[in-house]
Amino acid sequence: MITTSNLSKKYSGNLVLDIESLEIPKGQSFGLVGNNGAGKTTYFSLLLDLIQPTTGYIKNNDVQVNKSEDWKPFTSAFIDESFLIGYLTPEEYFYFIGELRGQNKADVDALVSQFEDFFHGEIIGQKKYLRDLSKGNQKKAGIVAALIGNPEVIVLDEPFANLDPTTQIRLKNIIKELSEKQDVTVLISSHDLMHVTDVCERIVVLEKGEVVKDLAKSAATLQELEEHFAN
Amino acid sequence: MIKRFLSLEWKAFFRSASFGKSLGIKIFMGFLSLYFIAMFLGMGLLLFPGLKKVYPDQDPLLIVNSFLFYWILADLALRFFFQKLPVMSVKPLLTLPVKRGHVVNYVLGKSVLSFFNFLPLFAIIPFGITLLFKNYPLANVLVWMLALVLVALIINFFNFIIESFSAEKELSFLPVILIVGGLYALNHFNIIAFNEIMGGGFNAIYNYPILIIVPLGLLVLCYVFNFKLLKQKLFLDSGLKAKIKEVNASNLEWTKNFGDIAPFMQLDLKLIWRNKRTKSSVWMLAIGLLYGLFFYPQPTYQNMPWFFVFIGVFSTGIFLINFGQFIPAWDSGYYKLLMSQNIKYEQYLKSKFTLMAVSVLILFVLGIPYVFFGWKILLAHFAAAIYNIGVNTHVILLGGSFNRKKIDLSQKAAFNYQGTGAVQWLIGIPLLLLPMGLFAAFYFLISFEIACLILIIFGVIGIVFHQKLMKIITQKYLESKYKMIDAFDQNN
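Residues numbered from 1 in each chain as written. Chains lettered and ligands numbered in written order. Predicted model: local features only at pLDDT ≥ 70, side-chain atom pairs only at ≥ 80, totals over all residues.

Turning next to the overall build of chain A. Scanning chain A for helices and strands turns up 8 helices and 10 strands. At 17 Å, chain A has a C-alpha radius of gyration in line with the 17 Å of a compact globule built from 231 residues. Considering only C-alpha atoms, chain A reaches an extent of 45 × 40 × 35 Å along its principal axes. The 231 residues of chain A split such that 47% are buried. Contacts in chain A between residues far apart in sequence, at least 24 positions, make up 66% of those at least 6 positions apart. (Helix = DSSP H or I, 4+ residues; strand = E, 2+ residues; numbered from the N terminus. Rg over C-alpha atoms; globule rule 2.2 N^0.38 Å. Buried ≥ 20, exposed ≤ 12 C-beta atoms within 10 Å, placed from the backbone. Contact = placed C-beta atoms within 7 Å.)

Okay, here's the thing in structure tokens:
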């Protein structure tokens, strides 16, 4: 589904990302871990064509992302708060995203109603603008908005950060359910090794922009990761 | 402590991401200040001889004193719009061992160094020196000068009191206009003769220097009050409190008539109505609409038809200029979202175009009563409106593709220079001067009607080639996509 080839990104001579080849098959739930500055957000930004690669390319479902925009209809993402429109209410925001993705209000309502648990009554019907919600609640709205319109590729950067424990557990269930659907590819990054090993089938460790580990999940994965980062 | 604060601000200024651009504005402001300094200096030097010449048998000092009331009013109004309390990011300091009082004193103390407080000195000092040369008693003149400086400082702090009370309201300029206008009206209609009271007061200070304690006391009072106000605000929760109003969401179904641009139209309308800064550009509409009333009633302008077009372009295009020049920076807060969503850039831009074009139409229709001052005015406004729709909208959209400055929507508006780069100063030239020059040329060469026709033709050409022009503009935006994302991602 997602093919990365000879990808590198330099900022004023500094190599921040250098991935020779990375293949993410359709339907995989893929986890990206690494310390600060390892290149996780850079990789996602390249995947979403928000920055230009220095060399190489990413192909999303055979569409080269910096050449064509045809990957947009089946890809969605929540990277940070700059993906929210502060002066809209959560409902309006969902409808707006829905309209961009060809969903009518009823479709959006139907989808959003599945996440009542996740929202914990703090998002829908609050008559508040997104900018007035707490950081955690903003994040919840952003994550759910990324699920609107049956995307085939979902990119979530640090989805667990800023969430309370209950919500973290609910989010894990949501991601697990998504990855059970055969055709949905989920890409998440996280600093929390436990969460990421819990929900992902495959975990890639980035270090200074390079892939240093590529693990299929097994019982020993968490331990192996912990050992890796302890050194 | 002050040294540390100063070094923090020094770094904040020179390390800001938009340093180069804000330097441009600073230079522009520098020239503006030089101009004002020259004006005041000239006034200070020429005031005494001038007044002596016009009123040979009156004491110039007394005349000046009787006019001080108007200076105070004008100063207060100007400061409200142009002078802001020095901003300091205090949040990181709150948990450090820095006394809150220090921070407040520093901020207030820094405001004393404002240009507005120094400007009067350029008039007061030469005038005072002239007085001394004319053998006025030294001590009294010095006290009188000191009194004026104190008054300038009182206005300085009084202004911040007004601002702190009106900042959170919509139409924040209403209180100051009411105060200034009210005082002026009371004085003008001789209900209370403030100018005489003020003049008498300053005469008294001049004659009995001990009375200087009155302005001094007022100054201390204003300072203490300000100190209390600011100290209260130095707590996190008072900054965060910002009352969360209940939202009444409207569905704006009627925008569906605009077809595929409807979602963006809805977004834009909400953008305008729900943010302070954009909302104030709606109030600016009223100013633009009434702008003609400053000129048309005066007979001088009746014989300058080429000037009608300037007013026409301005009053029908005020929203276009105000809103348009910050496309796409209005959406800078969530630009990454828009760029990764399944949208067509053309629809996004077309929605902005439609808004601007509709605003021009509405403003033209509302301005039809100007026909009262002559049919030529209406014709010129009509030509200007067509020109605005056909040419200026496209020009301003094209200018937007060079926009690299983020706008923080939550900032207070009016004369907020945030989001203003060098491009914004340049864009005013083709928008206003080009049609005016064009019109003037044909007016003097041929006739008024032909000049109107030329503008209309230009406008119509723009409208006819709208689709093509939009394609070119869209291409420009696509080319600068990465630069915009990067620039909008930076906080100053």
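What follows covers the overall build of chain B. Check the secondary structure of chain B and you find 23 helices and 0 strands. Taking as baseline every contact in chain B between residues at least 6 positions apart, the subset at least 24 positions apart corresponds to 80%.

Time to look at the environment of Pro60(B). Residue and element names in this part refer to chain B. As for its position among the elements, Pro 60 is in helix H3 (residues 60-82). Look at Pro 60 and you get buried, because 20 C-beta atoms sit within 10 Å. Sequence separation between Pro 60 and Leu 47 is 13 residues, and the spatial gap between their C-alpha atoms is 8.2 Å. Every residue in contact with Pro 60, bar those within four places of it in the chain, is listed here: Phe 48, Leu 51 and Lys 52.

Let's shift gears to the sheet that holds strand S5 (residues 63-64) of chain A. Residues and elements named next belong to chain A. Judged by pairing direction, the sheet is antiparallel, and its 4 strands sit side by side in the order S2-S1-S4-S5 without closing on themselves. One side of each edge strand has no neighbouring strand; the edge strands of this open sheet are strand S2 (14-24) and S5. Bridge count for strand S4 (residues 55-60) against S5 is 2 bridges, and the pairing is antiparallel. Among the inter-strand pairings, Lys 59 is bridged to a residue of S5, identified as Gln 64. (Pairing = 2+ DSSP bridges.)

Across the boundary between the two partners, chain B contributes 22 residues, which contact 25 residues of chain A. Elements with a contribution of two residues or more to the side of chain B that touches chain A: helix H12 (262-274), helix H17 (335-340) and helix H23 (481-488) of chain B. It is H12(B) that contributes the most residues to the side of chain B that touches chain A, 5 residues altogether.

Of all hydrophobic cores here, the largest spans 129 residues; its most connected members are Tyr93(A), Ala145(A), Val155(A), Val309(B), Ala383(B) and Leu455(B). Element by element, the count of residues in this core is highest for helix H19 (residues 375-400) of chain B, at 12 residues. When residues no more than four places from it in sequence are discounted, the contact partners of Val155(A) are Phe44(A), Leu47(A), Leu48(A), Ala77(A) and Leu187(A). In terms of nonpolar packing, the next biggest core, distinct from the first, is built from 26 residues, Leu131(B), Ala152(B), Phe158(B) and Met198(B) among them. (Core = buried A, V, L, I, M, F, W, Y, C linked by C-beta atoms within 7 Å.)

Residues and elements named next belong to chain A. Summarising the sheet, strand S1 (residues 2-11) and S4 pair through 5 bridges and their orientation is antiparallel. Residue pairing for S4: Thr 3 is matched across the bridge by Lys 59. The hairpin formed by S4 and S5 contains 2 residues between the paired strands, and Asn 61 there has a positive phi angle of roughly 55°.

All right, on to the confidence of the model for chain B then. Residues and elements named next belong to chain B. With 86% of its residues at a pLDDT of 70 or more, chain B has an overall mean of 81. When the criterion is pLDDT under 50, residues 238-243 qualifies, and its contacts beyond four places in sequence or with other chains add up to 3 contacts. Taken as a whole, residues 412-421 scores under 50 in pLDDT and shows 25 contacts with residues more than four places along the chain or in a different chain. Of the two predicted TM-score estimates for the complex, the pTM is 0.72 and the ipTM is 0.84. (pLDDT = per-residue confidence, 0-100.)

All names here are of chain A. Both S1 and S2 contribute to a ladder of 9 bridges, which runs antiparallel. Pairing of Thr 3 across the sheet is with Glu 23, part of S2. Turn length for the S1-S2 hairpin, with the two strands adjacent in sequence and antiparallel, is 2 residues, and the turn residue Ser 12 shows positive phi of about 40°.

Glancing now at unusual backbone geometry. Going from Ile327(B) to Pro328(B), the amide bond is cis rather than trans, its omega being 0°. Here Pro328(B) lies in the loop between helix H16 (305-324) and H17. In this structure, Asn6(A) is a non-glycine residue whose phi angle is positive, near 50°. By C-beta crowding, Asn6(A) is classed as exposed, having 12 other C-beta atoms within 10 Å.

The next thing to look at is the sheet that holds strand S7 (residues 153-157) of chain A. All names here are of chain A. Strand order across the open sheet formed by 6 strands is S6-S7-S8-S3-S9-S10, with mixed pairing between neighbours. The strands lining the two open edges of the sheet, one partner per strand, are strand S6 (75-78) and strand S10 (210-216). Adjacent strand axes in the sheet meet at a mean angle of 15°, parallel and antiparallel pairs treated alike. The pairing of strand S3 (residues 29-33) with strand S8 (residues 185-190) spans 5 bridges and is parallel. By the bridge assignment, Gly 31 is partnered in S8 with Ile 188. (Axes fitted to C-alpha atoms, helices over the stretch in contact; angles between N-to-C directions.)

Take helix H2 (residues 90-100) of chain A next. Here H2(A) lies mainly inside the structure; 11 of its 11 residues are buried. Buried within H2(A) are the following residues: Pro90(A), Glu91(A), Glu92(A), Tyr93(A), Phe94(A), Tyr95(A), Phe96(A), Ile97(A), Gly98(A), Glu99(A) and Leu100(A). Buried residues along H2(A) sit in contact with helix H3 (105-113) and helix H5 (135-145) of chain A together with H12 of chain B. Phi turns positive one or two residues past the end of H2(A), at Gly102(A), with a value near 70°.

Here we come to helix H6 (residues 115-133) of chain B. Residues and elements named next belong to chain B. With 19 residues, H6 extends 28 Å between its outermost C-alpha atoms, agreeing within 8% with the 27 Å of an ideal straight helix rising 1.5 Å per residue. Where H6 bends most, the angle comes to about 25°, and this point is Phe 122, followed within four residues by the proline Pro 126. Looking only at H6, the buried set comprises Ala 123, Ile 124, Phe 127, Gly 128 and Leu 131. Remark: Asn 135 follows H6 within two positions and exhibits a positive phi of approximately 65°. (Expected span 1.5 Å × (residues − 1). Bend = angle between axes of the 7 residues up to and from the residue.)

Residues and elements named next belong to chain B. The geometry of H12 relative to helix H18 (residues 345-366) is characterised by a closest axis approach of 9 Å and an angle of 55° between their N-to-C directions. Here H12 lies oblique to H18, going by the angle between them. H12 and H18 meet at a crossing whose hand is right-handed. Contact with H12, carried on its side by Phe 264, Met 265 and Asp 268, involves Gln 347, Tyr 348, Ser 351, Lys 352, Thr 354 and Leu 355 of H18 and no other residues of that element. In the contact of H12 with H18, the residues fall into 4 nonpolar, 3 polar and 2 charged. (Parallel < 35°, antiparallel > 145°, perpendicular 65-115°, else oblique. Left-handed = near helix turned anticlockwise from the far one by under 90°. Nonpolar A, V, L, I, M, F, W, Y, C, P; charged D, E, K, R; others polar.)

Bringing the environment of Ala123(B) into the picture now. All names here are of chain B. Relative to the assigned elements, Ala 123 resides in helix H6. Classification of Ala 123 by C-beta neighbours within 10 Å gives buried; the count is 21. Sequence spacing of Ala 123 and Gly 44 is 79 residues, and the spatial spacing of their C-alpha atoms is 3.9 Å. Here Ala 123 is in contact with Phe 40, Met 43 and Gly 44, once residues within four sequence places are set aside.

Turning next to the environment of Val64(B). All names here are of chain B. Relative to the helices and strands, Val 64 is located in helix H3. What makes Val 64 buried here is the crowd of 21 C-beta atoms within 10 Å. In sequence terms Val 64 and Trp 283 are 219 residues apart; their C-alpha atoms lie 37 Å from each other.

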